Amino acid sequence: MTAQTCPRQHQRTTMEIASLEPSLYTVKAVFILDNDGNRLLSKYYDTELYPSMKEQKNFEKNVFNKTHKADTDEIAFVEGMTIVYKCSIDLFFYVVGSAQENELMLMAVLNCLFESLGQILRKNVERRCLLDNMDGVFLVVDEIIDGGVILESDPQQVIQKVNYRADENPLSEQSVAQHITDKLAMTSNLEPNFKRQYLEKPLRDMELS
């Protein structure tokens, strides 16, 4: 006589195993804080995790208090979340996943974010430079993660996509100035040709008449 598994017990076991498996939505949140714990950027991909702004900031404060004194970049477990983080001068970068999430996967996201920002900020990964380039920072984050799903972990690919999207978006104040300069340069180069064309045309008309 063979042993039989209770259907209810089998269902519960299957559900428990499924709950422990990493889901496709591997990133719960990403945020960047300054060295006082103030939020500079944050994106939460799980709306049920911390639905209100107050809950999010309380979580960020708790994470910061438990991590900002660390001498090296580490992995932390706060409020049932797996958190990988990195500091640079006066900035702290955090990537948040579930308790069962693959830490190496989260670390790959963190490293990609940090290296990509290092390129667009020209290695000046510090608070003032970050705030001056927030449009580019948001583009980088969106190219790496979409709705919690990891899209890219190669910084070079991220930068290429960010540059492509920046060309399609409205120009920033700095790029507008550069755009105007380029246009003026083109105009100055074309001006002699236009003058020659419009001066020679009346002369030809006079000769024909």
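Let us look at the structure shown here. (Residues numbered from 1 in each chain as written. Predicted model: local features only at pLDDT ≥ 70, side-chain atom pairs only at ≥ 80, totals over all residues. Heavy atoms only, no water.)

This next bit is on the sheet that holds strand β2 (residues 39-44). Strands sit in the order β2-β1-β5-β4-β3 across an open sheet of 5 strands; the sheet is antiparallel. The open sheet terminates on both sides in strands that have one partner only, identified here as β2 and β3 (75-78). In this sheet, neighbouring strand axes are inclined to one another by 20 degrees on average, regardless of whether the strands run parallel or antiparallel. Set on the sheet, helix α3 (residues 103-120) makes contact with β1 (29-34), β3, β4 (81-88) and β5 (91-98); between it and β4 the angle comes to about 30 degrees. (Pairing = 2+ DSSP bridges. Helix = DSSP H or I, 4+ residues; strand = E, 2+ residues; numbered from the N terminus. Axes fitted to C-alpha atoms, helices over the stretch in contact; angles between N-to-C directions. Contact = heavy atoms within 4.5 Å.)

Moving on, we come to the pattern of salt bridges. Taken as a whole and judged by the stated rule, the model has 5 salt bridges. With a closest N to O distance of 3.4 Å, E152 and K161 form a salt bridge. The exposure class assigned to E152 is buried, which follows from its relative accessible area of 15%. Take K161: its relative accessible area is 32%, and that puts it in the partly exposed class. (Salt bridge = Lys/Arg side-chain N within 4 Å of Asp/Glu carboxyl O. Buried < 20%, exposed > 50% of the residue type's maximum accessible area, 1.4 Å probe, protein only.)

So, about unusual backbone geometry. Excluding glycine, most residues fall at negative phi; most peptide bonds, likewise, are trans. If you check the backbone angles, R122 has positive phi at about 55 degrees while not being a glycine. By the secondary structure assignment, R122 is in the loop between α3 and α4 (127-132). A positive phi angle, near 70 degrees, is found at K123, a position not held by glycine. Position of K123 relative to the elements: it lies in the loop between α3 and α4.

A word on the packing of aromatic side chains. Tallying each qualifying case throughout the model produces 9 aromatic pairs. Relative to F59, the ring of Y50 lies with its centre 4.5 Å away and its plane at 20 degrees, an arrangement referred to as stacked. Here Y50 and F59 have matching classes, each one buried. Between F92 and Y94, the ring centres sit 6.4 Å apart and the planes meet at 15 degrees, which makes this aromatic pair stacked. In this structure F92 comes out as buried when scored by relative accessible area, which is 8%. For Y94, a relative accessible area of 0% corresponds to the buried category. Linked through ring pairs, F31, Y44, Y50, F59, F64, Y85, F92 and Y94 together constitute an aromatic cluster. (Phe/Tyr/Trp six-rings, centres within 6.5 Å; stacked < 30°, edge-to-face > 60°.)

Honestly, it's all geometry; don't read function into it.
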